[in-house]
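# Notes for the structure review
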Amino acid sequence: MAKRKRHVWLKLPKNKKARRRYYFVITFFLFLSVAAACMTPQFLANRQEARLEDQRSQQLKNWAPYAQQLQKQYGIFSSISLAQAALESDFGQSELAVKAHNLYGVKASSGQSSVTMPTKEYQDGSWVTVDASFVAYPSWQASMLAHAQLLRQGTSWNKGQYAHVLAAKSYQAAAQGLVTDGYATDPDYAVKLVQVIEKYHLQRFDLVN
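A short tour of the structure in this document, coming up. (Residues numbered from 1 in each chain as written. Predicted model: local features only at pLDDT ≥ 70, side-chain atom pairs only at ≥ 80, totals over all residues. Heavy atoms only, no water.)

### Brief notes about the overall build of the protein
As a reminder of what qualifies: Going along the chain from the N terminus, every DSSP run of H or I of four or more residues is numbered as a helix, and every run of E of two or more is numbered as a strand. Buried means the residue's accessible area, taken with a 1.4 Å probe over protein chains only, is under 20% of the maximum for its type, while exposed means over 50%, and partly exposed covers the values in between. Residues are treated as being in contact if the distance between any of their heavy atoms lies within 4.5 Å. Each accessible area is a Shrake-Rupley result for a 1.4 Å probe, and residues are judged covered by the shown protein chains and nothing else.
A count of helices and strands for the protein gives eight helices and two strands. Helices (α) and strands (β) of the protein occur, in sequence order from the N terminus, as α-α-α-α-β-β-α-α-α-α. When the 209 residues of the protein are sorted by exposure, 33% land in the buried category. Counting contacts in the protein only where the partners sit at least 6 residues apart, residues at least 24 apart contribute 54% of the total. For the protein, the exposed surface amounts to about 14,000 Å²; the carbon and sulfur share of it is 56%.

### A few points about helix α3 (residues 78-89)
What counts, and what does not: Helix span is expected to be 1.5 Å times the residue number reduced by one.
Across its 12 residues, α3 extends 16 Å between first and last C-alpha, which sits within 8% of the 16 Å expected from 1.5 Å per residue. Buried within α3 are the following residues: Ser78, Ser79, Ile80, Ser81, Leu82, Ala83, Gln84, Ala85, Ala86 and Ser89.

### Brief notes about a nonpolar patch on the surface
Going by this rule: Nonpolar side chains (Val, Leu, Ile, Met, Phe, Trp, Tyr) within 5 Å and like charges within 9 Å form the patches, drawn only from residues with over 30% relative accessible area and no salt bridge. Salt bridges are defined by distance alone: a side-chain nitrogen of Lys or Arg within 4 Å of a carboxyl oxygen of Asp or Glu.
Residues Phe24, Val25, Phe28, Phe29, Phe31 and Leu32 make up a contiguous nonpolar surface patch of about 630 Å² in total accessible area. One can find Phe29 in helix α1 (residues 16-38).

### Quick look at the layout of surface pockets
Note the threshold: A pocket here means an open set of points on a 1 Å grid, computed over the protein atoms alone, that has protein on both sides within 12 Å along at least five of seven lines. A cavity is instead a set of points where a 1.4 Å probe fits but cannot get out; residues with an atom within 4 Å of a point line either one. Grid points are joined across faces, edges and corners, and a volume is the space filled by probe spheres set on the points.
Approximately 1,300 Å³ is the volume attributed to the largest pocket. As for the largest pocket, its lining consists of 37 residues, of which Glu88, Tyr104, Gly105, Val106 and Lys107 are closest to the centre. Breaking the lining of the largest pocket down by element, the ones donating at least two residues are α3, α4 (95-100), β1 (114-123), β2 (126-135), α5 (140-153) and α8 (189-199).

### Topic: α5
Our working definition: Taken from the helix axis, the directions to the C-beta atoms give the arc we talk about.
Under the 1.5 Å per step criterion, the end-to-end length of α5 is 20 Å for 14 residues, consistent within 8% with the ideal 20 Å. Restricting attention to buried positions, one finds in α5 the residues Ser143, Met144, His147, Ala148 and Leu151. Buried residues in α5, looked at end-on, bunch into an arc of 130°, giving them a common side. One or two positions beyond α5, positive phi appears at Gly154, with a value near 75°.

### A closer look at the pairing of β2
Heads up, the condition is: For two strands to be treated as a pair, DSSP must find at least two bridges joining them.
Bridge count for β1 against β2 is 10 bridges, and the pairing is antiparallel. From the neighbouring strand, Val115 faces β2, where its bridge partner is Phe134. The antiparallel pairing of β1 with β2 creates a hairpin that spans two residues between the two strands, and Asp124 there sits at a positive phi of about 50°.

### Here's the deal with the nonpolar core
Operational definition: To qualify as a nonpolar core, a set must consist of buried Ala, Val, Leu, Ile, Met, Phe, Trp, Tyr and Cys residues joined through side-chain atoms within 4.5 Å.
Within the largest apolar cluster, 39 residues are counted, with the highest numbers of intra-cluster contacts made by Leu60, Ile80, Leu82, Met144, Leu178, Tyr183 and Leu202. Of all elements in the fold, only α2 (41-74), α3, α5, α7 (171-180) and α8 reach the threshold of two or more residues within this core. Of the residues forming this core, the biggest block, seven residues, is contributed by α2. Formed by five residues, the second largest nonpolar core is a distinct cluster that contains Leu96, Met117, Ala132 and Phe134.

### Considering the pattern of salt bridges
Scanning the model with the defined rule gives five salt bridges in all. A salt bridge links Lys192 to Asp186; the shortest N-O distance between them is 2.6 Å. When salt bridges that share partners are traced, they join Glu53, Arg56, Asp90 and Lys199 into one network.

### What to know about the packing of aromatic side chains
Worth spelling out the cut-off: Aromatic rings from Phe, Tyr and Trp, taking only the six-membered ring of Trp, are treated as a pair when their centres fall within 6.5 Å; an angle between ring planes under 30 degrees marks them as stacked, one over 60 as edge-to-face, and anything in between as tilted.
Summed over all chains, the structure comprises four aromatic pairs. Ring centres of Tyr66 and Trp140 lie 6.1 Å apart, and the angle between their planes is 85°; this geometry places the pair in the edge-to-face category. In this pair, Tyr66 sits in helix α2 while Trp140 sits in helix α5, placing the two residues 74 residues apart along the sequence. Overall, Tyr66 belongs to the buried group, its relative accessible area being 17%. Exposure remark for Trp140: the relative accessible area of 24% places this residue in the partly exposed category. Three or more aromatic residues link up through ring pairs in this structure, and these residues are Tyr162, Tyr183 and Tyr189.

### Notes on the packing of α3 against α8
Here is the rule: Angles run from 0 to 180 degrees between N-to-C directions of axes, and those axes are lines fitted to C-alpha atoms, restricted for helices to the stretch in contact. Under this scheme an angle from 65 to 115 degrees is roughly perpendicular, one under 35 degrees roughly parallel, and one over 145 degrees roughly antiparallel; angles in between are oblique. For this classification, the nonpolar set comprises Ala, Val, Leu, Ile, Met, Phe, Trp, Tyr, Cys and Pro, the charged set comprises Asp, Glu, Lys and Arg, and every other residue, Gly included, is treated as polar.
Look at α3 against α8: their axes get within 9 Å of each other, and the N-to-C directions meet at 105°. Put simply, α3 runs roughly perpendicular to α8. The residues of α8 that touch α3, namely those facing Ser79, Ile80, Ala83, Gln84, Ala86, Leu87 and Glu88, are Tyr189, Lys192, Leu193, Val196 and Ile197. For the contact of α3 with α8, the class distribution of residues is eight nonpolar, two polar and two charged.

Here's what the structure looks like:
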């Protein structure tokens with residue numbers, strides 16, 4: 001009975017030149033396989049998210065030295081200034097921040113340079129969209145300065161408006177103070193601020209008295 005021929009599927013060429021070509025082809029196809037795996041929607045989404053987080057972290061680092069300067073002058077936690085700017089302006093990418101350097105969504109008073117834009121307000125237990133007039137600042141530094149001055153000096157009708165923020169001994173207490181003192185209408189504002197601070201470790205920028 002005749003023996004059956006055994007097929008060798010990965011037989012290496014004997015010639016050195018042909019063997020090099022063989023290895024090159026195998027390597028090339030392996031590279032294509034890995035590249036194809038890396039082009040899956042989930043991989044691309046993760047990569048985009050990582051890029052976005054890098055950009056956000058860099059933006060916070062850019063703001064941090066000035067936030068620390070303002071903390072020295074006005075006593076507002078750097079982490080609070082940074083977290084509010086990040087939350088209110090989408091890390092400096094909101095239309096209001098780009099067009100008007102307004103990092104905190106500060107509304108304009110009569111006579112101030114301003115822009116009108118739609119905004120969400122929490123009213124009577126639900127979110128509504130309204131058009132509002134916002135201050136247009138000459139720079140993001142001017143926006144941060146005005147924010148620190150507001151918290152330190154209070155409003156025209158109540159100089160002690162932000163007393164709980166100024167008296168706070170921690171960023172958590174300062175965040176809660178902003179809600180207690182009526183800075184924001186969002187009932188979850190303090191929680192959101194603390195989440196931003198702890199996610200990006202903004203407390204490392206707070207100056208120790």
